[in-house]
Amino acid sequence: MPSHSSRATVPETHPDDQSLHRPRHPRPPKWGGLRNLRHDLPASIVVFLVAIPLSLGIALASGAPITAGLIAAAVGGIVVGAAGGSALQASGPAAGLTVVVAGFVHEYGWAATCAITVAAGLVQIALGCLGVARAALAISPAIVHGMLAGIGITITLAQIHVVLGGKSSSSATENLVALPGQVLHANPVAAMAGAIVIAVLLVWPKLPKVRAVPAALVAIVLATVAASTLGLDAVRVDLPANVLDLGLAPEMPHGSWSAIALAALTMAVIASVESLLSAVAVDRMHDGPRANLNRELVGQGLANSASGLLGGLPVTGVIVRSSTNVAAGAKSRASTILHGVWVIVFVVLAAGLIEQIPLAALAALLVVLGVRMVKPEEIRELRRHRELAIYLVTAFAVVELNLLEGVALGIGVAVLQALYRLTHTKIRTEHRGAFWHVVVEGSLTFAAVPRLNRALAQVPSGARVDVDLEVDYLDHAAFEALHNWRVTHERLGGRVDIDEVHESWYENAVSGTPAGRKSPTTVAPWFFPWTHRRPEAAPKTHLLHGVSEFQRLTAPLVRPVLAELAELGQSPSQLFITCSDSRLVPHLMTASGPGDLFTVRNVGNLVPRPVEGGASGDIDMSVAAAIEYATEVLGVSTITVCGHSGCGAMGALLDGAGDGDRPIDAWLAHGAHTVARYRVDSATEEAEEVPGSAQDRLGRLNVLQQLDNLLAHPGVSERVEAGTLHLTGMFFDISSAEMHLLDPATGTFAPVGAREVPAGSEAGAHSDHSREHVPA
């Protein structure tokens, strides 16, 4: 055995990493045909109902004409729906760009902002054609969430003034300072309309059986009806006389060309990142075709160019509408296209209804939306990953400076934090008697070599040392320092056990395996028997070391599951009866976890039969009690008997055990039926060359016999006949680590991997055919 082992944990993967297994240029998702229309049509109506109030509110917050929001909603639905790479993502004007658009409108005017939108769309098309869409996902989530939080705070501080009947300033600080005075001089009509919207948005999700109706639509309708019914003189939406007279809106901006180019690039990058992140999130919500991110970027660019030409707001993928689309049951891109069509139909036929909406109601909708962009769960998650500083700096800078400078500062903090982590590796040493424990956390680079050498120098010659490398990177200088120390320490009589928790940097360097590839000898610690890792240590030390590893590495991962099981109790679906052999690990062999198996282990995986007349003197009561408890109380649906190769109990039965006075003889006497069965089968197979040792042949027959014995237990046979309980046989070959499954039709075992086990079936369910081999 090598004197080191490697721990491996499941790596954290990007939510869209499954796309690596798809073709480089997947075909665009299909519409789905008429068979999906029954799903897509109602879903499109729901998304349309969500889009109308949000589009109007975002246009208001951006300082753009109200119709600009409706144009963007229609273009986003139709153009991106038809040309984009995400089948179920719904696009339109998004709150994430309101601060940017408002700044451009203030600096260049609305017509010039439309031209910038056209240019941003062209940039997006170029980026999509260059195939760089996935690079946008490399931006730290802390920066993205901080940017959105800063935008949300800015929107809230601005729109709360409109809710109270006033006007907002372009500066978030000025809006905050002026807020107390605005509260004292609030317009009661506007405040009432806003209060209705806020109340409905907060209460509606908590009401039963109403979530199918969009809360935003209900809030705007109620506020509008209240204002109209009471005859209140509220400032309302003002649409042009002919909403269809669009014309070509853009005008070339006046000013520095470099500033204009930067404005277009800023809009393109922010719109692209938000759209791509939304597309990845939508992919996690459904089982349909995965998004082609480069195609999605091209579709977003086409929509932005079209929206800018028609006088609309910039378009992005919107997670609120997209999640609504998925939740409403959409199956194809027809839903997103139709929702854009419904926007046009609504504007043409019901423009008068839009003009009845109080501006304060739309502002209140944005206030709630802005507050929800600051998500406590994201803050907790970033704090857990020690990235809260990036989030706070980005959000604060977006609020106080502007969006571009805020993102730049966030990137700067992220780079500084990465450099800090590279140079501040955590190294600690512990020792108990002759045993030493060295833990290294972080990135182990040349900068940490002096500290590593100082820590290792504390270990006396000849000591046993366990080095835990919980590192995400190990450079050559650090490897040389650690490896040279290890070689020297072992030459002087010590022992070094190097365990790698995340990646196999050290193991790969020793074996010559290229970086990023797993060494053939790399094995996770829960696969690697702890008795082999430290063979010369005392058994108590083995066990305590294993418990320590569990508490340090595994317990934090399984604690939520175990806490839930502790509260709900156990409800396993399987009773698993197997041998006590130490080489068998039921949860490892079956890939099961806490709460899955109700396990019985004994020598030879025997199931003693009840004696004639129902007496219990000759039966092992613990096995009978476990069977009764599993079937009567837990209500398991399957009982599995699992034998294994090289079983010592089977060898003892072949040697005639079971006739003596020892406790083991009394127990093995329950295997007499198995031995008799073996003799009958051996007589019929004398002319054949039966593969496997006699010991393993007996082990397989023993599984069949114990399944028959199970049918003799009260209640088991009745449930089997009723179809509520299934009996399954398995045989584990230790040397090949291969599980074999009993085929009830032939009474033979076949490797599980040799044939596909249908999902939901009880392959290997026991039948009575084998009972004919059981001697009377």
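This structure is a prediction, so every number in the text was calculated from the model and none was measured. (Residues numbered from 1 in each chain as written. Predicted model: local features only at pLDDT ≥ 70, side-chain atom pairs only at ≥ 80, totals over all residues. Heavy atoms only, no water.)

(A) Region of interest: the pairing of strand 11 (residues 738-743). Pairing of strand 10 (residues 726-733) with strand 11 involves four bridges; the strand directions are antiparallel. Its bridge partner being in strand 11, aspartate 733 is matched across the sheet by glutamate 738. A loop of four residues connects strand 10 with strand 11, the two strands running antiparallel in sequence, and alanine 737 in this loop sits at a positive phi of about 50°. Bridging between strand 11 and strand 12 (residues 748-751) involves four bridges; their strand directions are antiparallel. The residue bridging histidine 740 from the neighbouring strand is proline 751, located in strand 12. Between strand 11 and strand 12, which pair antiparallel and follow one another directly, the connecting turn spans four residues, one of which, glycine 747, has a positive phi of 75°. (Pairing = 2+ DSSP bridges. Helix = DSSP H or I, 4+ residues; strand = E, 2+ residues; numbered from the N terminus.)

(B) Structural detail: the packing of aromatic side chains. Per the stated rule, a full pass over the model turns up four aromatic pairs. With centroids separated by 5.8 Å and ring planes inclined at 35°, the aromatic side chains of phenylalanine 598 and tyrosine 629 adopt a geometry described as tilted. Pair noted here: phenylalanine 598 is in strand 8 (residues 597-602) and tyrosine 629 is in helix 23 (residues 621-634), with a separation of 31 residues, a long-range link. When its relative accessible area of 18% is taken as the criterion, phenylalanine 598 is described as buried. Given the relative accessible area of 37%, tyrosine 629 is considered partly exposed. The residue whose ring lies beneath arginine 700 is phenylalanine 731, and the NZ or CZ to ring-centre distance is 4.4 Å. (Phe/Tyr/Trp six-rings, centres within 6.5 Å; stacked < 30°, edge-to-face > 60°. Buried < 20%, exposed > 50% of the residue type's maximum accessible area, 1.4 Å probe, protein only. Lys NZ or Arg CZ within 6 Å of the ring centre and 35° of its normal.)

(C) Molecular detail of the pattern of salt bridges. Counted under the stated rule, the structure contains nine salt bridges. Between lysine 375 and glutamate 378 there is a salt bridge whose closest N-O contact spans 4.0 Å. Since its relative accessible area comes to 16%, glutamate 378 is described here as buried. With a closest N to O distance of 3.6 Å, arginine 486 and glutamate 490 form a salt bridge. Placement of both arginine 486 and glutamate 490 in helix 18 (residues 476-491) is noted, with a separation of four residues, approximately one turn of the helix. For arginine 486, a relative accessible area of 6% translates into the label buried. Several salt bridges share partner residues, and in doing so they unite Arg428, Glu430 and Glu441 into one network. (Salt bridge = Lys/Arg side-chain N within 4 Å of Asp/Glu carboxyl O.)

(D) Looking closely at the state of the cysteines. Counting across every chain of the model gives zero disulfides. Of all cysteine sulfurs in the structure, the one in cysteine 579 sits closest to cysteine 647, which takes part in no disulfide; the separation is 4.1 Å. (Disulfide = S-S within 2.5 Å.)

(E) Representation of the sheet that holds strand 11. The sheet built from six strands is open, its strands ordered 8-7-9-10-11-12 with mixed pairing. Of all the strands in the sheet, the pair left with one neighbour each is strand 8 and strand 12. On average, adjacent strands in this sheet sit at an angle of 25° to one another, irrespective of strand direction. Pairing of strand 9 (residues 638-644) with strand 10 involves seven bridges; the strand directions are parallel. (Axes fitted to C-alpha atoms, helices over the stretch in contact; angles between N-to-C directions.)

(F) Molecular detail of the sheet that holds strand 6 (residues 495-500). One open sheet holds the four strands; their spatial order is 3-4-5-6, and the pairing between them is mixed. Every other strand in the sheet has two partners, leaving strand 3 (426-432) and strand 6 as the edge strands with one partner each. Each strand of the sheet is rotated relative to its neighbour by a mean of 15°, with strand direction disregarded. As paired strands, strand 3 and strand 4 (residues 435-444) are joined by seven bridges and run antiparallel to one another. If you follow glutamate 430 over to strand 4, its bridge partner there is histidine 437. Packed on one face of the sheet, helix 17 (residues 449-457) meets strand 3 and strand 4 and runs near 5° to strand 3. (Contact = heavy atoms within 4.5 Å.)

(G) Spatial organisation of unusual backbone geometry. Notably, alanine 591 is not glycine yet its phi reads approximately 50°, a positive angle. Within the secondary structure, alanine 591 sits in the loop between helix 22 (586-590) and strand 8. In this structure, alanine 737 takes a positive phi of about 50° despite not being glycine. Summarising the element assignment, alanine 737 is placed in the loop between strand 10 and strand 11. Owing to a relative accessible area of 57%, alanine 737 belongs among the exposed residues under this scheme.

(H) Expanded view of the packing of helix 4 (residues 110-129) against helix 10 (residues 293-310). In the contact formed by helix 4 and helix 10, the axes pass within 7 Å of each other and the chain directions differ by 160°. Classed by the angle they form, the pair helix 4 and helix 10 counts as roughly antiparallel. Two packed elements cross with a definite hand, and for helix 4 against helix 10 that hand is left-handed. On the side of helix 4, the interface is formed by Cys114, Thr117, Val118, Gly121, Leu122, Gln124, Ile125, Leu127, Gly128 and Cys129, while helix 10 contributes Asn294, Leu297, Val298, Gln300, Gly301, Leu302, Asn304, Ser305, Gly308 and Leu309. Looking at the contact of helix 4 with helix 10, its residues break down into ten nonpolar, ten polar and no charged. (Parallel < 35°, antiparallel > 145°, perpendicular 65-115°, else oblique. Left-handed = near helix turned anticlockwise from the far one by under 90°. Nonpolar A, V, L, I, M, F, W, Y, C, P; charged D, E, K, R; others polar.)

(I) Structural view of the confidence of the model for the chain. With 82% of its residues at a pLDDT of at least 70, the chain reaches an overall mean of 80. Per-element confidence in the chain ranges from a low mean pLDDT of 47 for helix 20 (residues 530-533) to a high of 96 for strand 9. When the criterion is pLDDT under 50, residues 1-32 qualifies, and its contacts beyond four places in sequence or with other chains add up to 76 contacts. Low pLDDT, under 50, characterises residues 754-776; the predicted model gives this stretch 47 contacts beyond four residues in sequence or across chains. (pLDDT = per-residue confidence, 0-100.)

(J) Here's a closer look at the packing of helix 9 (residues 257-283) against helix 10. One can describe the packing of helix 9 onto helix 10 by two numbers: an axis separation of 10 Å at closest approach and a directional angle of 130°. Between helix 9 and helix 10, the interaxial angle falls into the category oblique. With respect to the hand of their crossing, helix 9 and helix 10 are arranged in right-handed fashion. Taken together, the residues of helix 10 that come into contact with helix 9 (itself represented by Ala271, Ser272, Ser275, Leu276, Ala279 and Val280) are Leu293, Leu297, Gln300 and Asn304. Here the residues of the contact of helix 9 with helix 10 sort into six nonpolar, four polar and no charged.

(K) Main features of helix 1 (residues 37-62). Given a rise of 1.5 Å per residue, 26 residues ought to cover 38 Å, and the 35 Å separating the end C-alpha atoms of helix 1 matches this to within 8%. Considering bend angle alone, the principal kink of helix 1 is centred on alanine 51 and spans about 25°; proline proline 53 follows within four residues of it. Of the residues one or two after helix 1, glycine 63 is the one with positive phi, at around 75°. (Expected span 1.5 Å × (residues − 1). Bend = angle between axes of the 7 residues up to and from the residue.)

(L) Representation of the environment of glycine 410 in the model. With respect to the helices, strands and loops of the structure, glycine 410 is situated in helix 16 (residues 403-423). The exposure class of glycine 410 is buried, given its relative accessible area of 0%. Separated by 17 residues in sequence, glycine 410 and valine 393 place their C-alpha atoms 6.1 Å apart. Apart from the residues within four sequence positions on either side, glycine 410 is in contact with Ile143, Ile390 and Thr394.

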